[in-house]
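Structural overview for review
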Amino acid sequence: MPHDLAERSVFITGQRVRDVRRRRRRSGAWGLRRAGFLALGVLVLATPVAGVRWLLTAPRFAVTSVEVQGVARVPADQVRTAAAITPGANLWRIDPATVTARVEAVPAIRRAEVIRRFPNRVTILVEERRPFTLVHGGRLHWLDEEGRVLGEAREAAAPLVPVISGLSDAELVTMRNNPAPRALEAIALIRALLRSGSALATEISEIDMSRSDGPVLYTVDGVEVRLGPEEWEERLARLEGVLAQIARDSEAVRAIDLRFRDQVVLTKGGRG
């Protein structure tokens with residue numbers, strides 16, 4: 001066997017030593033990098049937790065004022081009470097959807113929006129329910145277009161549309177939160193009167209919903225009008241012509257019955 005194959009040359013020996021040293025240096029560098037990555041990961045995980053804790057506890061975000069906008073009939077303090085935002089509450093802990101639901105539970109409020117204004121203020125935008133007409137149930141109460149009772153009418157009022165009567169006390173109580181079917185029926189009839197485009201809506205002073213065979217109207221002159229439960233548009237058109245006709249007659253009419261198709265029944269005599 002040749003001699004040079006049995007012995008290591010200086011070149012080969014030095015090369016292997018350098019490789020071992022290089023691998024050791026690389027291993028040490030990787031260990032340092034890995035330790036650095038672990039430390040960075042811990043820092044990244046810890047930073048959001050500390051940040052969230054600071055947001056939820058920092059005095060900077062303690063609510064100092066709750067502003068109410070859009071109210072005219074509902075007292076602003078009533079809205080604040082319904083919102084139930086305690087003084088000094090953390091702004092980040094307030095759930096706008098929950099506060100909105102509490103405010104909209106107030107019968108006289110139709111819609112609300114809660115806005116968090118950083119760093120420490122809350123604004124509540126309110127849309128109140130608008131009075132549409134009066135409903136008579138022992139006392140007069142305001143009613144909106146959706147059939148919700150808004151509260152007692154404590155001052156003299158003259159609505160531009162007929163007053164609704166004939167609803168029970170139980171219906172009036174439930175109508176603070178949910179409209180009653182008969183109230184919605186009366187509102188639909190009022191809308192039909194308004195759609196007629198004539199002065200008929202101003203000639204009707206009251207809509208009585210107590211009868212089982214449909215609404216009964218009363219004119220400003222005290223004439224009773226039996227309208228029936230359906231086909232109101234057509235019957236109201238006939239009523240307008242009948243009222244114009246009896247206004248020209250000398251004999252007084254006490255009642256008008258429009259419940260029969262293509263027929264008008266008049267009851268004449270003194271109006272009592």
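Below is a summary of the structure that appears in this document. Just so it is clear, the structure is predicted and the values come from calculations on it, not from any experiment.

Reading the values: rules and limits
Residues numbered from 1 in each chain as written. Predicted model: local features only at pLDDT ≥ 70, side-chain atom pairs only at ≥ 80, totals over all residues. Heavy atoms only, no water. Core = buried A, V, L, I, M, F, W, Y, C linked by side-chain atoms within 4.5 Å. Buried < 20%, exposed > 50% of the residue type's maximum accessible area, 1.4 Å probe, protein only. Helix = DSSP H or I, 4+ residues; strand = E, 2+ residues; numbered from the N terminus. Contact = heavy atoms within 4.5 Å. Axes fitted to C-alpha atoms, helices over the stretch in contact; angles between N-to-C directions. Parallel < 35°, antiparallel > 145°, perpendicular 65-115°, else oblique. Left-handed = near helix turned anticlockwise from the far one by under 90°. Nonpolar A, V, L, I, M, F, W, Y, C, P; charged D, E, K, R; others polar. 1 Å grid on protein atoms, 1.4 Å probe; cavity = no way out; pocket = protein on both sides within 12 Å on 5 of 7 lines; lining within 4 Å. Points joined across faces, edges and corners; volume = space filled by probe spheres on them.

1. A word on the nonpolar core
Among the nonpolar cores identified, the biggest contains 35 residues, and Ile-164, Met-175, Leu-217, Leu-236, Leu-239 and Ile-256 are the most heavily contacted of them. Within the residue set of this core, elements represented by two or more residues are α5 (181-195), α6 (200-203), β8 (204-208), α7 (232-248) and β11 (253-257). For this core, the element with the most residues is α5, which contributes 7 residues. Setting aside chain neighbours within four positions, we find Met-175 in contact with Leu-143, Gly-147, Arg-148, Val-149, Leu-167, Ala-180 and Ala-183. The next biggest cluster of nonpolar side chains, apart from the first, holds 23 residues, and it includes Val-79, Ala-82, Ala-83 and Ile-85.

2. Quick look at the environment of Leu-258
Examined against the element boundaries, Leu-258 turns out to sit in the loop between β11 and β12 (265-268). Considered as a pair, Leu-258 and Leu-236 are 22 residues apart in the sequence and their alpha carbons are 8.8 Å apart.

3. Side note on the packing of α5 against α7
Contact geometry of α5 with α7 gives a least axis separation of 10 Å together with a crossing angle of 55°. By the angle class used here, α5 and α7 are oblique. Our pair here, α5 against α7, has a crossing hand that is right-handed. Here Glu-185, Ala-188, Leu-189, Ala-192, Leu-193 and Arg-195 of α5 come into contact with α7, specifically with Trp-232, Glu-233 and Leu-236. Tallied by class, the residues present in the contact of α5 with α7 amount to 6 nonpolar, no polar and 3 charged.

4. Comments concerning the layout of surface pockets
In this model, the largest pocket occupies a volume close to 350 Å³. Contributing to the lining of the largest pocket are 15 residues, with Arg-73, Ala-108, Leu-150, Gly-151 and Glu-152 lying nearest its centre. If one sorts the elements of the lining of the largest pocket by residue count, strand β6 (residues 149-152) sits on top with 3 residues. Looking at side-chain class alone, the lining of the largest pocket contains 8 nonpolar, 2 polar and 5 charged residues. Within this model, the second largest pocket holds a volume of roughly 200 Å³. Around the second largest pocket sit Arg-73, Arg-110, Glu-127, Glu-128, Arg-129, Arg-130, Pro-131, Phe-132, Asp-144, Glu-145 and Glu-146, which together line it. The class makeup of the residues in the lining of the second largest pocket is 2 nonpolar, no polar and 9 charged.

All we've got here are geometric facts, nothing functional implied.
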